[in-house]
Amino acid sequence: MIDLGMKKIPYGGDWNPEQWEREIWDQDIEMFKEAGIDLLTINVFAWTRLQPSEETYDFSLLDEMLALLKANGMLACMATSTAAHPAWMATKYPDILRVDFQGRKRKYGDRHNSCPSSPTYRHFAPRLAEELAKRYKDEDTIALWHVSNEYTGICYCENCEKSFRAWLKNRYQTLDALNQAWNTTFWSQTLTDWDEIVVPNQLTVQWAERGMCQQGLVLDYTRFNSDNHLECYTLEHEAIRKHIPDAVITTNLMGAYKQYNYRDWAKKMDVVSWDCYPSPTQPYSHTSLIHDLMRGIKDGQPFLLMEQTPSQTNWQPYNWVKRPGQMRLGSYQAVAHGADSVLFFQMRQSVGACEKFHGAVIDHTGRNDTRVFREVAALGAELQKLGPDLIGSTLDSEVALWFDWDSWWASENSAGPSVDLHYMNQVSRYYSAFNRAGIQVDVVGPGSDLSKYRLLVTPVMYLLHPEDVEAVTSFVQNGGTLVSSFLTGVADASDRVFRGGAPGPLREVFGLWSEEIDALPPGQKNSIVMQADLGGLSGTYECNLLFDLLRLGGAEVLATYGSDFYAGHPALTRNLYGKGTAYYVATSPEEAFLQGLVHHLCQEAHLKPVLENLPTGVEATRRSKGGRDFLFLLNHNAAEVEVNLGSRSLQNLLNDQHLSGTLTLKPRDVIVAEEVPVLA
Amino acid sequence: MIDLGMKKIPYGGDWNPEQWEREIWDQDIEMFKEAGIDLLTINVFAWTRLQPSEETYDFSLLDEMLALLKANGMLACMATSTAAHPAWMATKYPDILRVDFQGRKRKYGDRHNSCPSSPTYRHFAPRLAEELAKRYKDEDTIALWHVSNEYTGICYCENCEKSFRAWLKNRYQTLDALNQAWNTTFWSQTLTDWDEIVVPNQLTVQWAERGMCQQGLVLDYTRFNSDNHLECYTLEHEAIRKHIPDAVITTNLMGAYKQYNYRDWAKKMDVVSWDCYPSPTQPYSHTSLIHDLMRGIKDGQPFLLMEQTPSQTNWQPYNWVKRPGQMRLGSYQAVAHGADSVLFFQMRQSVGACEKFHGAVIDHTGRNDTRVFREVAALGAELQKLGPDLIGSTLDSEVALWFDWDSWWASENSAGPSVDLHYMNQVSRYYSAFNRAGIQVDVVGPGSDLSKYRLLVTPVMYLLHPEDVEAVTSFVQNGGTLVSSFLTGVADASDRVFRGGAPGPLREVFGLWSEEIDALPPGQKNSIVMQADLGGLSGTYECNLLFDLLRLGGAEVLATYGSDFYAGHPALTRNLYGKGTAYYVATSPEEAFLQGLVHHLCQEAHLKPVLENLPTGVEATRRSKGGRDFLFLLNHNAAEVEVNLGSRSLQNLLNDQHLSGTLTLKPRDVIVAEEVPVLA
Amino acid sequence: MIDLGMKKIPYGGDWNPEQWEREIWDQDIEMFKEAGIDLLTINVFAWTRLQPSEETYDFSLLDEMLALLKANGMLACMATSTAAHPAWMATKYPDILRVDFQGRKRKYGDRHNSCPSSPTYRHFAPRLAEELAKRYKDEDTIALWHVSNEYTGICYCENCEKSFRAWLKNRYQTLDALNQAWNTTFWSQTLTDWDEIVVPNQLTVQWAERGMCQQGLVLDYTRFNSDNHLECYTLEHEAIRKHIPDAVITTNLMGAYKQYNYRDWAKKMDVVSWDCYPSPTQPYSHTSLIHDLMRGIKDGQPFLLMEQTPSQTNWQPYNWVKRPGQMRLGSYQAVAHGADSVLFFQMRQSVGACEKFHGAVIDHTGRNDTRVFREVAALGAELQKLGPDLIGSTLDSEVALWFDWDSWWASENSAGPSVDLHYMNQVSRYYSAFNRAGIQVDVVGPGSDLSKYRLLVTPVMYLLHPEDVEAVTSFVQNGGTLVSSFLTGVADASDRVFRGGAPGPLREVFGLWSEEIDALPPGQKNSIVMQADLGGLSGTYECNLLFDLLRLGGAEVLATYGSDFYAGHPALTRNLYGKGTAYYVATSPEEAFLQGLVHHLCQEAHLKPVLENLPTGVEATRRSKGGRDFLFLLNHNAAEVEVNLGSRSLQNLLNDQHLSGTLTLKPRDVIVAEEVPVLA
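Computed from a prediction, not measured in an experiment: that's the story for all the values here.

Cut-offs applied
Residues numbered from 1 in each chain as written. Chains lettered and ligands numbered in written order. Predicted model: local features only at pLDDT ≥ 70, side-chain atom pairs only at ≥ 80, totals over all residues. Heavy atoms only, no water. Contact = heavy atoms within 4.5 Å. Buried area = accessible area lost by both parts, 1.4 Å probe. Salt bridge = Lys/Arg side-chain N within 4 Å of Asp/Glu carboxyl O. Polar contact = N/O pair within 3.5 Å; in protein donor to acceptor, adjacent residues only side chain to side chain. Helix = DSSP H or I, 4+ residues; strand = E, 2+ residues; numbered from the N terminus. Nonpolar A, V, L, I, M, F, W, Y, C, P; charged D, E, K, R; others polar. UniProt positions renumbered as here; feature names shortened; annotations may be inferred. Pairing = 2+ DSSP bridges. Least-squares fit on C-alpha atoms with pLDDT ≥ 70 in both. Buried < 20%, exposed > 50% of the residue type's maximum accessible area, 1.4 Å probe, protein only. Phe/Tyr/Trp six-rings, centres within 6.5 Å; stacked < 30°, edge-to-face > 60°. Domains from an automatic or database assignment. Disulfide = S-S within 2.5 Å. Core = buried A, V, L, I, M, F, W, Y, C linked by side-chain atoms within 4.5 Å. Axes fitted to C-alpha atoms, helices over the stretch in contact; angles between N-to-C directions. Expected span 1.5 Å × (residues − 1).

Okay, the interface of chain C and chain B next. Every contact between the two is made by 53 residues of chain C and, on the other side, 51 residues of chain B. Sorting the residues of chain C by area buried against chain B places Trp187, Leu203 and Arg499 of chain C first, and these three jointly supply 15% of that buried surface. We note a salt bridge from Lys107 of chain B to Glu161 of chain C, for which the minimum N-O separation is 2.7 Å. Where chain C meets chain B, there are 30 residue pairs in polar contact (both at pLDDT 80 or more). For the side of chain C that touches chain B, the leading source of residues is strand 16 (residues 512-519) of chain C, giving seven residues. Each residue belonging to the side of chain C that touches chain B can be placed in one class, and the counts come to 25 nonpolar, 17 polar and eleven charged.

What follows deals with the interface of chain B and chain A. Contacts between the two partners involve 53 residues from chain B and, on the opposite side, 51 residues from chain A. Between chain B and chain A lies a buried interface of about 4600 Å² when both sides are counted; carbon and sulfur atoms form 54% of it. By the criterion of area lost to chain A, the three top residues of chain B are Trp187, Leu203 and Arg499 of chain B, representing 15% of everything that side buries. One salt bridge connects Arg323 of chain A with Asp518 of chain B, and the closest N-O pair in it is separated by 2.6 Å. Where chain B touches chain A, the interface holds 29 residue pairs in polar contact (both at pLDDT 80 or more). Looking at the side of chain B that touches chain A element by element, the count peaks at seven residues for strand 16 (residues 512-519) of chain B. In terms of residue class, the side of chain B that touches chain A is made up of 25 nonpolar, 17 polar and eleven charged.

Following the UniProt record, one finds the feature "domain: Beta-galactosidase trimerisation" (unreviewed entry) at residues 398-607 of chain A. Taken end to end, residues 398-607 of chain A is 26% helix and 31% strand, and its first and last C-alpha atoms sit 7 Å apart.

It is worth spelling out the sheet that holds strand 10 (residues 304-307) of chain C at this point. Residues and elements named next belong to chain C. Within the open sheet, the three strands sit side by side as 8-9-10. Their pairing is parallel. Either end of the sheet is taken by a strand with one partner, and the two such strands are strand 8 (252-253) and strand 10. Inspection of the sheet shows strand 8 paired to strand 9 (residues 273-275) by two bridges, in the parallel sense. Each bridged residue has a counterpart across the sheet, and for Asn252 the counterpart in strand 9 is Ser273.

Laying chain C over chain B is done by rotating through 120° and shifting 0.0 Å along the axis; what remains is an RMSD of 0.0 Å. In symmetry terms, the pair is related by a three-fold rotation axis. Within chain C, the C-alpha atom positioned nearest to the axis of rotation is that of Arg104 of chain C, 5.4 Å from it. Here only 2% of the contact residues of chain C are again contact residues in chain B; the copies associate through non-equivalent surfaces.

Residue and element names in this part refer to chain A. Mapping Thr120 onto the fold places it in helix 5 (residues 119-136). Exposure remark for Thr120: the relative accessible area of 7% places this residue in the buried category. Those residues in contact with Thr120 that sit more than four places away from it in its chain are Met89, Tyr93, Asp95 and Ile96.

Another point: the packing of aromatic side chains. Residues and elements named next belong to chain B. Scanning the model with the defined rule gives 117 aromatic pairs over all chains in all. Between Tyr93 and Phe124 the ring centres are 6.0 Å apart and the planes differ by 45°, which places this aromatic pair in the tilted class. Of this pair, Tyr93 sits in the loop between helix 4 (87-92) and helix 5 (119-136) while Phe124 sits in helix 5, and the two are 31 residues apart along the sequence. Since its relative accessible area comes to 3%, Phe124 is described here as buried.

Let's shift gears to the UniProt feature "binding site: Zn(2+)" (unreviewed entry) in chain A. Residue and element names in this part refer to chain A. Mapped onto this numbering, the UniProt entry annotates "binding site: Zn(2+)" (unreviewed entry) at Cys115, Cys155, Cys157 and Cys160. A compact arrangement is adopted by the annotated residues: their sequence extent is 46 residues, whereas the largest C-alpha distance between any two is 7.9 Å. Here Cys155 is to be found in the loop between strand 4 (142-146) and helix 6 (158-172). Taking the relative accessible area as the measure of exposure, Cys155 reaches 0% and is therefore buried. The residues contacting Cys155, other than those within four sequence positions of it, are Arg98, Val99, Cys115, Pro116, Cys160, Tyr221 and Asn225. With respect to the helices and strands, the residue Cys160 is situated in helix 6. If sequence neighbours within four positions are ignored, Cys160 has contacts with Cys115, Pro116, Ser117, Cys155, Tyr221, Phe224 and Asn228.

Many descriptions give the size of an interface as the accessible area lost when the pieces come together. Residues and elements named next belong to chain A. Taken domain by domain, chain A holds domain 1 (38-270), domain 2 (281-383), domain 3 (399-604) and domain 4 (618-676). Centre-to-centre, using C-alpha coordinates, domain 2 lies 34 Å away from domain 3. On the domain 3 side, the residues contacting the eleven residues of domain 2 number twelve residues. Both sides of the domain 2 and domain 3 interface together cover about 1000 Å² of buried area, and 60% of this is carbon and sulfur. On the domain 2 side of the interface with domain 3, the three residues burying the most area are Ser285, Leu289 and Leu293, jointly 47% of the side's total. Connecting domain 2 to domain 3 are one salt bridge.

Moving on: the state of the cysteines. Residues and elements named next belong to chain B. Summed over the entire model, instances satisfying the criterion amount to zero disulfides over all chains. No disulfide involves Cys77; its nearest neighbouring cysteine sulfur is the one of Cys276, lying 17 Å away. Judged by relative accessible area, Cys77 falls into the buried class, the value being 0%.

Of all eight residues in strand 23 (residues 618-625) of chain A, seven are buried, a share of seventy percent or more. With antiparallel pairing between neighbouring strands as the criterion, strand 23 of chain A and strand 24 (residues 628-635) of chain A make up a hairpin whose turn holds two residues, including Gly626 of chain A at a positive phi of roughly 50°.

Take the relation of the copies chain B and chain A next. When chain B is brought onto chain A, the operation consists of a screw motion whose angular component is 120° and whose axial shift is 0.0 Å, with 0.0 Å RMSD remaining. Counting the interface residues of chain B, we find that no more than 2% of their copies in chain A are interface residues as well, pointing to two distinct contact surfaces.

Let us look at the nonpolar core. With 221 residues, the main nonpolar core has Trp15, Trp145, Leu572 and Phe593 of chain A together with Trp182 of chain B as its most contacted residues. Per-element accounting of this core gives the leading share, eight residues, to helix 5 of chain A.

All names here are of chain B. Counting through the fold element by element, Ser341 comes out in the loop between helix 11 (326-336) and strand 11 (342-344). We classify Ser341 as buried; its relative accessible area is 0%. Among the polar contacts made by the side chain of Ser341, one reaches the main-chain amide nitrogen of Leu305 at a distance of 3.0 Å. Setting aside residues no more than four positions away along its own chain, Ser341 makes contact with Ile9, Pro10, Phe303, Leu304 and Leu305.

Residues and elements named next belong to chain A. With respect to topology, nine strands assemble into an open sheet ordered 7-4-3-2-1-11-10-9-8, the strand pairing being parallel. Bordering the open sheet on either side are strand 7 (249-250) and strand 8 (252-253), each of which pairs with just one other strand. Bridge count for strand 10 (residues 303-307) against strand 11 (residues 339-344) is two bridges, and the pairing is parallel. In the sheet register, Leu305 faces strand 11, and the bridge partner there is Val342. Along the sheet, helix 12 (residues 371-386) makes contact with strand 1 (11-14) and strand 11, crossing strand 1 at roughly 130°.

Turning next to helix 1 (residues 22-34) of chain A. All names here are of chain A. Taking 1.5 Å per residue, 13 residues should reach 18 Å; helix 1 reaches 19 Å between its end C-alpha atoms and fits that length. Contacts made by the buried residues of helix 1 are with strand 2 (39-42), helix 3 (60-71) and helix 12. Trailing helix 1 by a residue or two, Gly36 shows a phi angle of about 70°, which is positive.

Another point: the pattern of salt bridges. The full count for this structure, using the stated rule, is 149 salt bridges over all chains. Asp389 of chain C is paired through a salt bridge with Arg628 of chain C; the nearest N and O atoms lie 3.0 Å apart. Taken as a pair, Asp389 of chain C in the loop between helix 12 (371-386) and strand 12 (399-402) and Arg628 of chain C in strand 24 (residues 628-635) lie far apart in primary sequence, 239 residues in all. Judged by relative accessible area, which is 30%, Arg628 of chain C ranks as partly exposed. Ionic contacts of the salt-bridge type, sharing partners, join the residues Lys107 of chain A together with Glu161, Arg165 and Asp195 of chain B into one network.

All names here are of chain B. Along the chain, Phe345 connects to Gln346 via a cis peptide bond; the corresponding omega equals 20°. Here Gln346 shows up in the loop between strand 11 and helix 12 (371-386). At Ser188, a residue that is not glycine, the phi angle is positive and equals roughly 55°. Tracing the chain through its elements places Ser188 in the loop between helix 7 (175-181) and strand 5 (206-208). Owing to a relative accessible area of 2%, Ser188 belongs among the buried residues under this scheme. A positive phi angle, near 65°, is found at Asp656, a position not held by glycine. Relative to the assigned elements, Asp656 resides in the loop between strand 25 (641-652) and strand 26 (658-665).

Written out as structure tokens, the structure reads:
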């Protein structure tokens, strides 16, 4: 557990006083106090001001900000300002500019614009971090360090090409090994020299974002690019650590961001933090999944909610304002899933450039009587009331949900079988069913300890490393229940299909193999006909997308397809393996099927929900610390609902009321309560 | 009033005899006579023929054309041929080639292909204009001069980048002023040297046509690009003027063309002319708006209809032929709104290349018995019958509609709040309601004299120059009625949001401020519930797109929202300010609301329509000259309608009939009549 | 007739043992035997292995493959491996890399990646073919030679630009002739030097795939590009022929591939072969049309089905598996239309890279008990049973359908009249009506002998060479019946519109001319109202897309439009010309109209279907050889149908049963039978 030295859940967010004259700073501080704000992220985009020329550093404005915060008892999250390089640097050292997917060298402009292989960037960015660390190493106003900002994107320049070749040499040692991994005999793409390796963009092997002709190359470049940016992060991390051994260092991740393998990143971060911007049409359970993912990549450790908008974004097609209560609900949703902070982007709305229409705690009117400010202030008061109890508390789960960037990348790199296969979407559908049932889920992946779980769910576990095979097999062998879907066990770590067919080395575990996989357009459906009543799972369900045509090798058929030439073929199977059980879902079923399946699995594996009989749209989670259990009830409905607490007895932490029996939750209302012993 | 020396409304259009052998020229002339054609635009695309090499000019063919026209009593509109440079020039001087939005240097091909900053273009184009002026300065066959053709597009080359920097130095004087205007502290994009300034394309700050990350830069580049092309026009204009002091010089504009600020252009043009190509699905009122815009940019002066197709275009997805009567209707629609000419593109259809399927007076058959030719000839006869009476007559209006390219650019540059915000669309919706009611409208903008109007309508008046604030405020102060909408008064001349929130410096005038603005997807609607019956405006109306959440500061609430969390919040307000009144429409209402609002405003401000109780689809306008009033009735319906003239008495100018009482207008028929005193 | 030296229809396809270790080869051979496979296409993509460096050739693996085939009595189709150049070649000789439509020089990657003008490619590719021919000239295991693979695409590099200029000099001799052909006076694009000619891509005259501003240039570049790739083919063809005078040489075409004029290509090919990958939603009749096209470009000579998938593809959005029986049905459909082989891509599914999810005879499981393998083996047995009888047999037809790449290119190059005009689609609609009626059709084009046909159908015969005019005119003059549609006879060989209007030089033949052509959006329809009952054609039909407004010059009106301002104008006409008759269909009618028209034409021209009263979804064709007639009945329905043989008597070649009276065809079933004399 990371200690930021705070006595309560930190509250605040991005503050950019460099955009304003000095008297506005003071107005801001007054309003922060009014809203209970105590943690300000500063210095996110100020490189040019800090380093107006190659030789000059100027930290005077930053000194002033820190002094002001200190004087007012607030803490700082100190960013390193390296997410957008200065214009002068681009003009003087063009190697810092990226080459894009279309093969075009960029000129100056935009943020996240630095090439991760650029010698210039790798020289100046860590040096800036180091200058900051040296200057502020004794500054106890700084609660944590924030390297760069939302690392994003891919570069395809010649420097990256060279670094990629070095990365490959390190990975494969010999060209023969590389040729084999990439199966280059196909289309005679055999490499005879390391210098023949190219970056995979529209000038080489990709004709579209999801259209490519050398899967192995693309997969490795994606890995390399993630590693390459991570190295940039690490250089800054080390530069800070060198001068501040106990600094808490993070960078703000972006949730389910496809381009970088955050599980690798988390290893180098002292605490995970992320920026949460759900679109208005996204199911709330998907947001919960991503919170759990952010918790999961650091093995359950609480994370920081580094950014959310107090009201509206500006970059979506239609930028809804958050409805009354929605910001509060989203904030507690984060905390309910393991967040130890509630932070916003941004404190004061900028007057010009790209994000001038992005919501802020203090908007263009500068007033404290706006709806948004009043909601922010009300939440601030609640967080003060809550105090330190929740900080560091963790979530226990008996269910593990497998999520692996490698499977994400490889399953969507493939040409075929269906353009509508979206890895994230499949994972999210399974997650949603557990969330709906009030079952807490840990998101796991390669390297996770699976021994503590009773149930492991691995939708579209397309790519298997040998360690994954071992882990999953042992899990079932030792009595665990495994549930997986079509496109599991398709390919090895280089995206070469396993000989013998899917699910590859897990064929024994599932007791079957996939003979064919049919792919149909969205309108075309089939059905799953249950062959037995599994308790919660009976009758007929719709399915679509992909349809495994399975051949059995020991598994029992629980359901079959209802139509087409494979009517009667298995659609759901169960196999006893070792002391455990493995289910295989051959197609993409409708929601009701997954809910039924979860219901059945709960009964079979004796999984306990946080709360039974949750109404639709209500989420329940439990955080625990030092023997105390904290229950969250989140009403995502825009209407009132009744929640039955059963035999539970709760102490509402927001108003000290005792709760039992049946509660009425107002629209978008939240209960944060401690479980107390029931008097018999 | 510009005098082209013609005794009637000029009739004709683009004629390209250089594409044909000599005997075709004679056939053309005979058919022109048959059709009453008397003005031919020549020399539009002939640069290579006029200047086959750097050293050689050859005007022999042009001499021949002019001689032929003179011999047949026809006049010429003399173009300068500079809208497409010769292939040899591109090969020899590549600086004349543009760089596109994607950053690619173009090679030879297409028209409108010259870089406006190119030293080569700026040398050769005005020189050609001057050579033409010198040669033909005494040629009285030339009625007017036509510089280049449909100036179009943007260039992003290094020469433009350099010119842009010079333009910025001139505008801002210091880098500090520039940094402040562009708010470059955001994302630390501060410039430390003028040479760090880049052109805004896909290699720098724009990731799509409407996606950009430095609004100030993009806005200024758009202004610069408009100015830069205008300079090219001006160079030619001056080259001609130097030799022909009394030449009437124009270039053909393209109506509501977003890229150039035509209000600036009009100042340099002796007469405005434009090319009218409405799509078949465009409401006719939108075409009327653009006619009024073309009249408005030159403060009400009549304009020339320089091009329209006699039948079909070739560049739309589906190129309908104009239905019988439609070409005539469209021609009179232009005249009804202030056009002093009826000209076509083109006289004879080309046999090859890009526009071979574009309609023409004489088509590929070369016959004079086609439907199209017969309609052209019939209209020619009518224009002869009409004679000179209408020429120079003007339209009087009590209603001014604000249209400003700066607001167009800035409101659509923004990231947020809604991608569906289209400035032109909002303006057009208000215009349509007035047009429907038979109310004549002047289109005004920055610098216009507002004192003569009773009503000023300013939809989405997003960007306010200080002079605009002054003008609008005085207008209301002095008793005028102002109507505006959401997104008014958002930003200053550099697209920096006004502190204190919208409507910025007009908050007092409207007696309110906007706390939030909600943006919803197309399907999601709200309603406007009238709180009082305003006469024509009562009950409930649909609205969508954007929803201002207003806070009142003196304004009266006339209507409220019907649903969502802001049900009951103001949706329509009225504020008394000085001697005047200011209405604010907080959302985008359905058509019926705007029609009701116009009805109410007419009553309140005692505005008189050209004709009361116009049937749907019938337009009425009035042009006046020397005490005479000319009434136009245009039936845009494909069916017959009855029009009640009330107490008016008219003399039909096309057939000398007297009109009174109730008229029957045939499908797509037109009445052009003089108002005559009613005998009591 | 080409003799591949086989005693039965060859069966097999692409085999890539170079991707596998040696023991897999042996497994493959065993499974080939099990499936009756006897012809293997090898060496398609192996250039790098064959030539690992500039100086080295290594054929050892190929020797081994051939030895294995020989030992097992199988034959080889020997490819030349030149469809993807080695990586080392791209690195060393970048002239081999293409420049794309956007003007970007490509780097290494993908197949079909060589510039056809590249001196490097033109040196190394034929040299490799020659090395192969020299080495294997006496190898009787090689049944045929297969140059490169699926020639594809266009290059826009400077070498192509230079070759294009030379091609143009050869075609036009003088710049004057070129300027005239391209009508360059339009927009003053006159060329004054050959070096001013540019390739037509996005940097020059094309702003989109179907948007261009110099039709003549684009048309000629398309021709040049086809010729240029054909030259590459020819160089290899000649290199092989030089050493093996009797080699049978082909390359695999791609059916209705727009970029290359396959009619020209066929002249250089000893036998036409093609790759058949119908999308699941494509009407089966369209596939039949393409089979007939492939037969037609070689004047009726049987062709080879070089590739089809045994099950699913991987490159479509949704890659359905072929339903049981569908692969067999598609195989016989090819044979029914003239194929003399049944070959697959591919024998064994690759484990990695682009096509790892493309179906194969032996899939990733490597098993012989899969549904797909069992269907392949069953068909193998049938082909053995069929023996050699069908090989070399031909199809007789009384109906010719005109298909010309020039008309395809030019009609779709045009800006206007409608973006929905698709040449192929119009041709396919007419074809479908004949196919539905059981009428065999030959696809013909420029240079075809038309004298043997009674009916000639020429939909959208947009571009007319003088020889075409002569051929069509003579055809009608001599008693033939001609049917054509709108957009016939529009332009000459340079896409210059015929003066006098469409149908240009065929006006006399049709007895009419087109005054206008209306183009309406998809939703907007008109109707065709028959003025007489033509037998099968009566009443009213829907039509859309384009609407010729015709003026008569002798033709008789058979039907008129039902609505719009051209209601009552001719929609279908008939003209007697010489001894023949010419029909003109002025618009795009619904299917029922075309079926009625075909019915009427059959009666009028006494055309005999292969079988009368075919049920919907059943196709019938007849191949003949040496006085024997072979009948194919193909049930494309997923349901059983009854087929009435009338008085015919058949001998089923697949099971030796005698057939007469009414047959029941199972879902997707096929009858291959010989007609036998009926005993009276």
